[in-house]
Every structure is written in C-alpha cells, then in structure tokens.
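As a plain string of letters, each chain reads:
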Amino acid sequence: MDEKKYAKLEQQTSPKTPLLRNVIFAFLTGGTICLIGQFVSLFYMTFFDFTERTASNPTVATMVFFAMLLTGFGQYKKIGQFGGAGSAVPITGFGNAVISAAIEHKSEGYVLGVGGNMFKLAGSVILFGVFSAFVVALIKTILVKFGIVSW
C-alpha cells in the first residue's frame, strides 16, 4: 500500500476531532483558572496589604501550589482531560508538570527518582526564564549606564 492510499484510508477511519468543543472547553478551563487566580490576588491585596503589582508573586506561588496539590490527589488530570490546553497553558500547568514527573519516578527513590526527574519537563522552562531575565536586566543596565533610558 502506498502513502496516498494509506493516508486516504487513515482519514476515512479516524474519528473526527471535535475542534469547536475542544476550543470552548479549553477557554472555559483556562478562564476558570485565571478567575481563581484573580480571586487569590484580591485575597492578598485585601487581607495582606499587597498592591496590585506586589500581589503577583504570592499569587503565582499559590496557584502553582494549588496545581501541585490537585496533581498529587489525582484531580488535575481530570481537569486536563476536560480542558486540554486550557489547563496546561496557565502557570498551573507548570506545577502539574513538575509534580507529575516527580510522582512518576517515585519508585526509583527520592534522590535519583524524584530529585533527578522532577525538573525533567519543567527544567527547560526554568532555565529559559532565568536566562531571559538575565539578558533583559543586562540590556536595561547597559541602556541606563549610557543614558539612553532613565530609570
């Protein structure tokens, strides 16, 4: 069987992807996660006297922590099955990626299994974030030093 016949047969037998349904579910899931994040941010601004700008760091940490708890209890997988990319794109997807890799390799021991594999998926994200923050800070420092921009 040549490639064209195989591709035609595959197209005929494969189930159709419900694209519109998936997009709507991803939108609802991601929107709900962001809404919860907004409530967490408002909680920090109301009860701990954070400003809108300073509430972002504890809000991100709290949302990642929530995602890690939900992953540990097996609930984030259900959210991901329902919402697809809507659960992976927000910061909670990062927490899920870290903990799910750690849980998967727990049987290999805590040091080599959990510690060695925890950042397998998320390590590149952390590395890119730290490196890009360094580059942006370096560019800003050079621009301020030569008087091109003022801070």
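Residues numbered from 1 in each chain as written. Predicted model: local features only at pLDDT ≥ 70, side-chain atom pairs only at ≥ 80, totals over all residues. Heavy atoms only, no water.

### So, the nonpolar core
Grouped together as the largest cluster of nonpolar side chains are seven residues: Ile-33, Val-40, Tyr-44, Ala-55, Met-63, Ala-67 and Tyr-76. For this core, the elements supplying multiple residues, two or more each, are α2 (19-47) and α3 (56-72). Looking at this core, the element that brings in the most residues is α2, giving three residues. Not counting residues within four places of it along the chain, the set of residues in contact with Tyr-76 comprises Ile-33, Ala-67, Leu-70, Thr-71, Ser-87, Thr-92, Gly-93 and Asn-96. (Core = buried A, V, L, I, M, F, W, Y, C linked by side-chain atoms within 4.5 Å. Buried < 20%, exposed > 50% of the residue type's maximum accessible area, 1.4 Å probe, protein only. Helix = DSSP H or I, 4+ residues; strand = E, 2+ residues; numbered from the N terminus. Contact = heavy atoms within 4.5 Å.)

### Considering helix α6 (residues 92-104)
Counted at 1.5 Å a residue, the expected span for α6 with its 13 residues is 18 Å, and the 18 Å between its end C-alpha atoms agrees. Among all positions in α6, only Thr-92, Gly-93, Gly-95, Ala-97, Val-98, Ile-99, Ala-101 and Ala-102 are buried. Those residues of α6 hidden inside the fold are in contact with α2, α3, α4 (76-83), α5 (85-88) and α7 (110-117). (Expected span 1.5 Å × (residues − 1).)

### Considering the packing of aromatic side chains
Tallied over the entire structure, the rule returns six aromatic pairs. Taken together, a centroid distance of 4.4 Å and an interplanar angle of 20 degrees make the contact between Phe-25 and Phe-82 stacked. Within this pair, whereas Phe-25 is found in helix α2, its partner Phe-82 is found in helix α4, the two being separated by 57 residues in sequence. Taking the centre distance of 5.7 Å and the plane angle of 70 degrees together, the rings of Phe-43 and Tyr-44 count as edge-to-face. The class of Tyr-44 is buried, set by a relative accessible area of 16%. In this structure an aromatic cluster arises from ring pairing among Phe-43, Tyr-44, Phe-47, Phe-48 and Phe-50. (Phe/Tyr/Trp six-rings, centres within 6.5 Å; stacked < 30°, edge-to-face > 60°.)

### Points about the side chain of Ser-87
Tracing the chain through its elements places Ser-87 in helix α5. From its side chain, Ser-87 meets the backbone oxygen of Gly-84 in a polar contact 2.9 Å long. Once residues lying within four places of it in the same chain are set aside, the contact partners of Ser-87 are Thr-29, Ile-33, Tyr-76, Ile-79, Gly-80, Thr-92 and Gly-93. (Polar contact = N/O pair within 3.5 Å; in protein donor to acceptor, adjacent residues only side chain to side chain.)

### Side note on the layout of surface pockets
There is about 190 Å³ of room inside the largest pocket. Taken together, 13 residues make up the lining of the largest pocket; nearest its centre are Thr-32, Ile-33, Ile-36, Leu-70 and Ile-79. When contributions to the lining of the largest pocket are tallied by element, the ones reaching two or more residues are α2, α3 and α4. Sorting elements by how many residues they give to the lining of the largest pocket places α2 first, with five residues. Here the lining of the largest pocket is built from residues that sort into 10 nonpolar, three polar and no charged. (1 Å grid on protein atoms, 1.4 Å probe; cavity = no way out; pocket = protein on both sides within 12 Å on 5 of 7 lines; lining within 4 Å. Points joined across faces, edges and corners; volume = space filled by probe spheres on them. Nonpolar A, V, L, I, M, F, W, Y, C, P; charged D, E, K, R; others polar.)

### As for the confidence of the model for the protein chain
One rule of thumb: low pLDDT means the predicted coordinates there are not for detailed reading. Of the residues in the protein chain, 99% reach a pLDDT of 70 or more, and the chain-wide mean stands at 89. When pLDDT is averaged over each element of the protein chain, α2 comes out on top at 96 and α7 at the bottom at 77. (pLDDT = per-residue confidence, 0-100.)

### A short note on the environment of Ser-41
Tracing the sequence through the fold places Ser-41 in helix α2. Linking Ser-41 and Thr-62, residues 21 residues apart in sequence, is a C-alpha distance of 9.4 Å. Setting aside anything within four residues of it in sequence, one finds Ser-41 in contact with Ala-55 and Thr-59.

### Observations regarding the side chain of Thr-29
For Thr-29, the position within the fold is in helix α2. By relative accessible area, Thr-29 is classed as buried at 7%.

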